[in-house]
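# Structure at a glance
Here is what each chain is made of, one letter per residue.
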Amino acid sequence: MKNVGTPPPAPVVGNAAAAEGQSPQHGAAAHGDGRTRHTVARLLLERGPITAAAVADELGLSPTAVRRHLDVLVAEGEAYTREASSRGRRGRGRPAKLFLLTEVGRARFGHAYDDLAVAALRFIAEHEGEQAVREFADRRMAALVANHREVLAATASPAERAEVLADALTREGYAASTRSVASGEQLCQHHCPVAHVAADFPQLCEAETAAFAEVLGTHVQRLATIANGDAACTTHVPTARLADPGGDTRGSAQTPAGPLPKGQQITAPIPDGGESV
């Protein structure tokens, strides 16, 4: 597989401490640190802005230990600091430093964005009809590929264009890559930011597939989707002379042997978890 962008690292199977070359005691200590840091972050979420001293008092930890955890949160972009207001401060010296979570830090506690998106799309479907949901999905994909349309149009071959699209999708948060197969390329998206929503509204996946066909200038075949429980969203891009990206690519796929009749399947190796459609 030709990696494009930086897909998420594979999880370590088995004893994580041993895999890292650490002793079990070191691994246990790291796990304990992780739990304590999560507790510190939660206190910042619930009580922030808050000083390190106040965190230490609340959790019964030493100020040194708390500052170490806070420094890690700041270094990893999960927290930031600001100076306390001078009003009401007594004595001399530098003002106390207050700690707050960033949006990245808040994300570790989860959001209800998926639930909100599903509720919004259900409302649209109930009041405006399924076609309105489809139009929303189409507009979303049009906006996503708009910034990459020029570089895609300047790429000649299907394989190169699939790689360019994978790179563009990676920059949009999809951790995409390509792999060569006998009959073309497979575009693999190892992450889908809207997978939970797409499980209820397959129009999102359908609009994505149609957008891929349009920007690639050829018929494509969706083999698997994360929303359907597969390991990755996999799209087959047949080896072909590309049509005009702005032209109508619906109904047939251009191949060296000529156009395929509408509805004819393209046989291609299916990745683990994939499923031919």
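Relevant structure appears above.
In this report, the structure presented in the accompanying data block is examined. No experiment lies behind these values; they were computed from the predicted model shown.

### What about helix H7 (residues 130-146)?
- When the terminal C-alpha atoms of H7 are compared, their 24 Å separation across 17 residues agrees well with the 24 Å that a helix rising 1.5 Å per residue should span.
- Burial in H7 covers these residues: Ala-132, Val-133, Ala-137, Met-141, Leu-144 and Val-145.
- Next to the buried residues of H7 lie helix H6 (113-128), helix H8 (149-153), helix H9 (158-171) and helix H11 (203-216).

### Let's talk about the pattern of salt bridges
- For the structure shown, the criterion picks out 9 salt bridges.
- The residue Arg-108 makes a salt bridge to Glu-78 at a minimum N-O spacing of 2.8 Å. Of the two residues, Arg-108 sits in the loop between helix H5 (103-107) and H6 while Glu-78 sits in the loop between helix H4 (63-75) and strand S3 (79-83), which places them 30 residues apart along the sequence.
- Glu-78 gets classed as buried once you look at its relative accessible area, which sits at 12%.

### Brief notes about the nonpolar core
- Judged by nonpolar contacts, the single largest core of 32 residues is most densely connected at Met-141, Leu-165, Leu-169, Phe-212 and Leu-216.
- The biggest single contributor to this core is H11, with 8 residues.
- Not counting residues up to four positions away in its chain, the partners in contact with Leu-169 are Leu-144, Tyr-174, Ala-175, Ala-176, Leu-187, Gln-189 and Phe-212.
- Grouped together as the second largest cluster of nonpolar side chains are 14 residues, Leu-44, Ile-50, Leu-73 and Ala-79 included.

### Observations regarding the packing of helix H3 (residues 52-59) against H4
- At their nearest, the axes of H3 and H4 sit 9 Å apart, and the two run at 115 degrees to each other. The element H3 and its partner H4 pack so that their crossing is right-handed. Counting all contacts with H3, which are made through Ala-52, Val-55 and Ala-56, the residues of H4 involved are Pro-63, Val-66, Arg-67 and Leu-70.
- Among the residues forming the contact of H3 with H4, the class breakdown is 6 nonpolar, no polar and 1 charged.

### Concerning the sheet that holds S3
- The antiparallel open sheet is built from 3 strands, whose spatial order is S2-S4-S3. Lying at the two open borders of the sheet, with one neighbouring strand each, are strand S2 (50-51) and S3.
- One ladder, built from 2 bridges, connects S2 with strand S4 (residues 97-101); its direction is antiparallel. When the bridges of S4 are listed, Thr-51 appears paired with Leu-98.
- Packed on one face of the sheet, H4 meets S3 and S4 and runs near 110 degrees to S3.

Conventions adopted
- Here, residues in each chain are numbered from 1, in the same order as that chain's written sequence.
- Selection of residues for local features in this predicted model requires a pLDDT of at least 70, selection of side-chain atom pairs for listing and counting requires 80 or more, and totals for whole chains, interfaces and linings are taken over all residues.
- For the side-chain quantities, the full set of heavy atoms in the structure was used; hydrogens and water were omitted.
- A run of DSSP states H or I qualifies as a helix once it reaches four residues; a run of E qualifies as a strand once it reaches two. Both are numbered from the N-terminal end.
- In a helix, the anticipated span is given by 1.5 Å times the number of residues less one.
- Between buried and exposed lies partly exposed: a residue is buried under 20% and exposed over 50% of the maximum accessible area for its type, with that area taken using a 1.4 Å probe on protein chains only.
- A contact between two residues is defined here by any heavy atoms of the two lying within 4.5 Å.
- Salt bridge criterion: a side-chain nitrogen from Lys or Arg within 4 Å of a carboxyl oxygen from Asp or Glu.
- Nine residue types can take part in a nonpolar core, namely buried Ala, Val, Leu, Ile, Met, Phe, Trp, Tyr and Cys, and a core is a set of them joined through side-chain atoms within 4.5 Å.
- To obtain each axis, a line is fitted to C-alpha atoms, and for helices this fit is confined to the stretch in contact; angles are then taken between N-to-C directions over 0 to 180 degrees.
- Two helices cross in a left-handed way if the nearer one is turned anticlockwise from the farther one by less than a right angle. They cross in a right-handed way if the turn is clockwise.
- In the scheme used here, Gly and all other residues not listed as nonpolar or charged are polar, with Ala, Val, Leu, Ile, Met, Phe, Trp, Tyr, Cys and Pro taken as nonpolar and Asp, Glu, Lys and Arg as charged.
- Two strands are counted as paired when DSSP detects at least two bridges linking them.

By themselves, these figures tell us nothing about what the structure is for.
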